[in-house]
There are 2 protein chains.
Amino acid sequence: MTRQGIPQAGNNLDPWYDHYAARAAGLRASEVRALFAVASRPEVVSLAGGMPFVSALPHDVVTDAMSRVMTEQGSVALQYGSGQGIPVFREQILEVMALEGIRANADDVVVTTGSQHALELVSKLFLDPGDIVIAEGPSYVTAMVIFKSYQADVEHVPMDENGLIPEALREHIARLKADGRRIKFLYTIPSFHNPAGVTLSRERRLEILSIARENDILVLEDNPYGLLYFDQPAPDAMRSVEEDGVVYLGTFSKTLAPGFRMGWALAPHAIREKLVLANEAAVLSPSSFSQLVISEYLSTADWKGQIDTFRGVYRERKNAMLAALEEFLPELSWTDPAGGFYVWLTLPEMLDSKAMLPRAVKELVAYTPGTAFFADGSGRQNMRLSFCYPTPENIRLGVRRLATVIQGELDLLGTFAGTGPLDSPVDGRRFGAPPPNLS
Amino acid sequence: MTRQGIPQAGNNLDPWYDHYAARAAGLRASEVRALFAVASRPEVVSLAGGMPFVSALPHDVVTDAMSRVMTEQGSVALQYGSGQGIPVFREQILEVMALEGIRANADDVVVTTGSQHALELVSKLFLDPGDIVIAEGPSYVTAMVIFKSYQADVEHVPMDENGLIPEALREHIARLKADGRRIKFLYTIPSFHNPAGVTLSRERRLEILSIARENDILVLEDNPYGLLYFDQPAPDAMRSVEEDGVVYLGTFSKTLAPGFRMGWALAPHAIREKLVLANEAAVLSPSSFSQLVISEYLSTADWKGQIDTFRGVYRERKNAMLAALEEFLPELSWTDPAGGFYVWLTLPEMLDSKAMLPRAVKELVAYTPGTAFFADGSGRQNMRLSFCYPTPENIRLGVRRLATVIQGELDLLGTFAGTGPLDSPVDGRRFGAPPPNLS
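In this text, all values refer to a predicted model and were calculated from it rather than measured experimentally. (Residues numbered from 1 in each chain as written. Chains lettered and ligands numbered in written order. Predicted model: local features only at pLDDT ≥ 70, side-chain atom pairs only at ≥ 80, totals over all residues.)

Attention shifts here to the overall build of chain A. A tally of regular secondary structure across chain A gives twelve helices and 14 strands. Expressed as a percentage of the 439 residues in chain A, the buried residues total 57%. The long-range share in chain A, meaning contacts at least 24 apart out of those at least 6 apart in sequence, stands at 76%. (Helix = DSSP H or I, 4+ residues; strand = E, 2+ residues; numbered from the N terminus. Buried ≥ 20, exposed ≤ 12 C-beta atoms within 10 Å, placed from the backbone. Contact = placed C-beta atoms within 7 Å.)

Here is the structure:
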């Protein structure tokens with residue numbers, strides 16, 4: 001007894017098989033998820049996950065903030081709060097956003113359970129089945145899981161070393177409109193992109209905002225990494241130049257710690273009102289305790305200095321990764337991120353990052369295959385390498401192991417095809433030039 | 001430019017007016033929400049909210065647990081976790097549920113951001129537009145907000161002093177099926193019902209499970225108050241006698257503190273798998289920090305003794321409320337809860353609790369009008385009175401003020417209708433007999 005014509009989730013071993021909503025068919029385990037299990041074995045060097053290096057945060061600073069919160073505001077911290085979040089905390093969030101040029105009113109901020117939940121709430125509010133979300137190709141895995149869970153289709157627009165390509169965006173929009181598709185928003189990670197590691201230039205930010213405005217498309221600006229630049233700050237946030245057409249998502253997961261699950265949305269007023277209602281329906285209120293602890297931390301600790309510390313940690317690791325790639329895989333091409341957590345690597349044409357993964361794990365290194373970051377199955381020639389969590393030494397070890405795996409794959413191909421390994425280098429332009437799957 | 005035939009959320013002042021998903025039309029501010037603002041003025045005795053009395057929890061016990069977590073497991077507490085929740089914590093949740101007769105496997109538990117979020121995730125997983133959720137009438141406000149946000153229709157089945165009436169449930173199901181409606185689940189709060197204050201008898205639990213099984217309807221058992229009985233425990237949870245057909249929702253908000261936003265779902269295995277995927281999409285992982293703090297609290301503190309303390313607090317307040325009702329409003333009828341937070345009061349027929357509210361607030365007392373708890377506009381003759389948060393003295397003061405308001409309304413009606421106040425008592429059966437809107 002299944003509903004005809006509707007893709008079914010579950011299987012016949014599940015007695016509730018025919019009871020799920022149509023949208024449940026979109027909820028499938030991601031490739032990244034399966035990897036987490038593999039990569040958690042201690043002998044594996046994981047270049048796969050996106051865990052921030054929280055050990056660089058002095059734990060006593062957090063413990064002290066907690067103790068003060070419990071002493072001074074314990075009954076508030078333990079209680080339900082408002083669906084929008086604590087006013088003082090929302091004011092402090094404005095100070096964080098001011099570092100990227102954003103001027104806003106605390107009344108337009110909604111505190112959420114990580115910025116992931118802001119993404120979920122915006123999607124719930126806007127996406128009807130069959131709607132289109134435009135996203136960079138590649139894009140953030142779990143954003144696409146959400147879009148699909150609301151039965152929207154993700155349309156990728158290519159990037160190059162300066163981020164999303166405005167001309168390509170124009171063409172995609174025109175084609176989608178000609179096809180009668182309803183485009184709900186442009187989901188973008190303009191700074192230190194996950195997974196591509198590139199940053200949208202200031203000129204392009206303005207041009208893309210202008211394209212979005214002309215076409216009546218809301219921009220969903222996801223900015224988890226913006227403050228984690230290595231040398232120069234990224235251009236100001238898109239929200240800093242456009243108020244009415246941007247929903248901005250921020251988080252404390254990368255600048256403080258993800259264990260609190262604290263993020264926020266800054267939205268045009270009417271959207272903000274609905275986001276609060278959606279937030280209340282979903283969780284009643286965000287955690288009062290987590291909000292007050294972070295609020296106390298922001299009031300009393302040198303939080304900007306802490307972000308500098310994180311920058312130093314990630315800069316060193318990025319350098320370690322790029323040096324190792326130069327040393328062990330000089331024939332390949334990769335992006336050179338100016339901040340954030342990720343490098344996007346392009347393999348020789350004949351290799352398949354997804355098919356190669358089991359062999360890599362056997363060699364005790366893990367990465368995320370490029371296919372995880374595309375809704376349409378592309379990305380086999382790419383992989384995302386994370387430098388955020390492993391030590392510089394382990395990054396070097398991981399890349400060396402990866403080189404062994406890649407060489408082994410090429411040897412194998414050479415054996416069958418009769419050509420030597422790496423005798424046709426794919427792209428000598430290592431930096432600055434777009435690897436194949438970014439442009 | 002609005003979509004024809006689809007109810008629109010927002011208004012013309014909102015430039016994104018025609019961009020919202022159809023489901024956004026269901027997200028409206030609840031009556032209870034507006035009340036929170038009113039009731040927060042210190043001079044108002046609020047019998048409206050459902051805030052637990054967290055001051056009865058020794059804060060140093062919580063602070064100590066936090067400090068130990070940060071010292072011993074800081075890097076885990078600050079980090080992302082798994083989408084299902086920490087295994088040790090899920091094992092401890094089994095111990096909590098065992099108090100209500102539930103035997104289960106920790107692998108079937110999913111930790112959520114309060115049990116509210118479990119409700120949201122189950123709804124996202126199961127509800128297609130036009131589906132039916134059967135719920136008690138009255139039912140929990142914010143559950144109905146979620147159901148409506150997924151475009152499901154809520155069908156109320158009446159209760160009496162022993163909870164949901166099985167015969168009425170049978171009739172409703174038969175009628176809905178005859179109408180070709182698709183019933184997705186029965187949402188029920190069997191113990192110390194919010195807002196009705198009644199408890200489903202053991203015989204009826206079995207009968208209702210049997211009706212659900214016969215009709216292939218999933219039971220969503222929401223049990224936030226089960227451990228907060230005054231004298232005798234409630235009958236064992238419905239999940240204790242039926243594994244395959246029940247999704248059970250639990251929370252630490254009432255037995256510990258809501259500020260952590262920690263709850264859980266216990267679900268049949270196939271449903272549990274999908275719930276984890278939905279949880280990951282929505283929040284990546286529940287807060288590691290909150291999980292570990294509660295886990296440490298459960299390991300080291302006398303958590304059962306603490307629940308006894310809460311029971312004592314709420315028993316005293318329930319007694320204060322019933323004594324005040326006897327003293328100031330002896331002509332009316334109300335439910336006599338055996339646990340939980342709420343009394344359901346029935347007004348004389350000619351009164352309207354919703355219309356009366358502004359006058360009550362003017363007299364410095366707040367309550368929740370019965371209409372908030374029905375999807376169909378009924379409940380005007382009822383109100384929910386909460387005894388969880390105010391002191392016994394304030395409860396008495398609040399009920400006295402409420403009596404003044406009711407008397408004033410009756411005087412006014414008497415002036416117009418020519419009858420004296422309260423000269424036609426509505427229902428002499430105060431306890432044991434069902435007030436009009438419960439049966």
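We are not done yet, so read on.
We now examine the interface of chain A and chain B. On the side of chain B, 67 residues touch chain A, which itself brings 67 residues to the contact. Here the side of chain A that touches chain B is composed, by residue class, of 38 nonpolar, 19 polar and ten charged. (Nonpolar A, V, L, I, M, F, W, Y, C, P; charged D, E, K, R; others polar.)

Let us now look at the relation of the copies chain A and chain B. The relation between the two copies of this chain is a rotation about an axis and a shift parallel to it. For the pair chain A and chain B, the relating rotation is 180 degrees, the translation along its axis is 0.0 Å, and the fit reaches an RMSD of 0.0 Å. Expressed as a symmetry operation, the mapping of one chain copy onto the other fits a two-fold axis. When the interface residues of chain A are mapped onto chain B, 100% of them are again interface residues, pointing to one common binding face. (Least-squares fit on C-alpha atoms with pLDDT ≥ 70 in both.)

Right, let's get into the sheet that holds strand E3 (residues 132-137) of chain A. All names here are of chain A. Pairing is mixed across the open sheet formed by eight strands, whose spatial order is E2-E9-E8-E7-E6-E3-E4-E5. Bordering the open sheet on either side are strand E2 (109-112) and strand E5 (163-164), each of which pairs with just one other strand. With four bridges connecting them, E2 and strand E9 (residues 263-266) associate as antiparallel partners. Within E9, the position partnered with Val-110 by the bridge is Ala-265. (Pairing = 2+ DSSP bridges.)

On to unusual backbone geometry, then. The step from Gly-137 of chain A to Pro-138 of chain A runs through a cis peptide bond, and the omega angle for that step is 5 degrees. Checked against the element boundaries, Pro-138 of chain A lands in the loop between E3 and helix H5 (141-149). Between Asn-194 of chain A and Pro-195 of chain A the backbone carries a cis peptide bond, its omega angle lying at 10 degrees. Mapped onto the fold, Pro-195 of chain A is located in the loop between strand E6 (183-188) and helix H7 (202-214). Non-glycine residue Gln-151 of chain B carries a positive phi angle of around 60 degrees. Along the polypeptide, Gln-151 of chain B turns up in the loop between helix H5 (141-149) and strand E4 (153-160). With 17 C-beta atoms counted inside 10 Å, the residue Gln-151 of chain B sits in the partly exposed group.

Attention now moves to the environment of Leu-329 of chain B. Residues and elements named next belong to chain B. As for its placement among the helices and strands, Leu-329 is situated in the loop between helix H10 (303-328) and strand E10 (333-334). Take Leu-329: there are 20 C-beta atoms within 10 Å of it, and that puts it in the buried class. A C-alpha to C-alpha distance of 8.3 Å links Leu-329 and Arg-400, two positions 71 residues apart in sequence. Filtering out sequence-adjacent residues up to four positions away, Leu-329 remains in contact with Val-399, Ala-403 and Ile-406.

With that settled, consider helix H10 (residues 303-328) of chain A. Three or four residues apart is the spacing at which side chains of an α-helix point the same way, because the helix has 3.6 residues per turn. The terminal C-alpha atoms of H10 of chain A, which comprises 26 residues, lie 37 Å apart, in line with the 38 Å expected from a rise of 1.5 Å per residue. Buried within H10 of chain A we find Phe-310, Tyr-314, Arg-317, Lys-318, Ala-320, Met-321, Leu-322, Ala-324 and Leu-325 of chain A. (Expected span 1.5 Å × (residues − 1).)

All names here are of chain A. If you walk across this open sheet you meet the four strands as E10-E11-E14-E13, and the pairing is antiparallel. Both outer strands of the open sheet, strand E10 (333-334) and strand E13 (368-369), are each paired with one neighbouring strand and no more. Relative to strand E11 (residues 342-346), E10 is paired through two bridges, and the arrangement is antiparallel. Bridge assignment links Trp-334 to a residue of E11, and that residue is Leu-345.

Quick look at the confidence of the model for chain A now. Residue and element names in this part refer to chain A. Per-chain confidence: chain A averages 91 in pLDDT, with 90% of residues scoring 70 or above. Low confidence marks residues 1-10, where pLDDT is under 50. Its contacts with residues over four positions away, or in another chain, come to 17 contacts. Two numbers describe this predicted complex: its pTM, 0.92, and its ipTM, 0.92. (pLDDT = per-residue confidence, 0-100.)

Below, the discussion takes up the nonpolar core. In this structure, Ala-265 of chain A together with Ala-265 of chain B are the most contacted members of the largest nonpolar core, which totals 285 residues. Residues contacting Ala-265 of chain A, with those up to four places away along its chain left out, are Val-110, Thr-112, Ala-118, Val-122, Val-247, Tyr-248, Leu-249 and Leu-275 of chain A. (Core = buried A, V, L, I, M, F, W, Y, C linked by C-beta atoms within 7 Å.)

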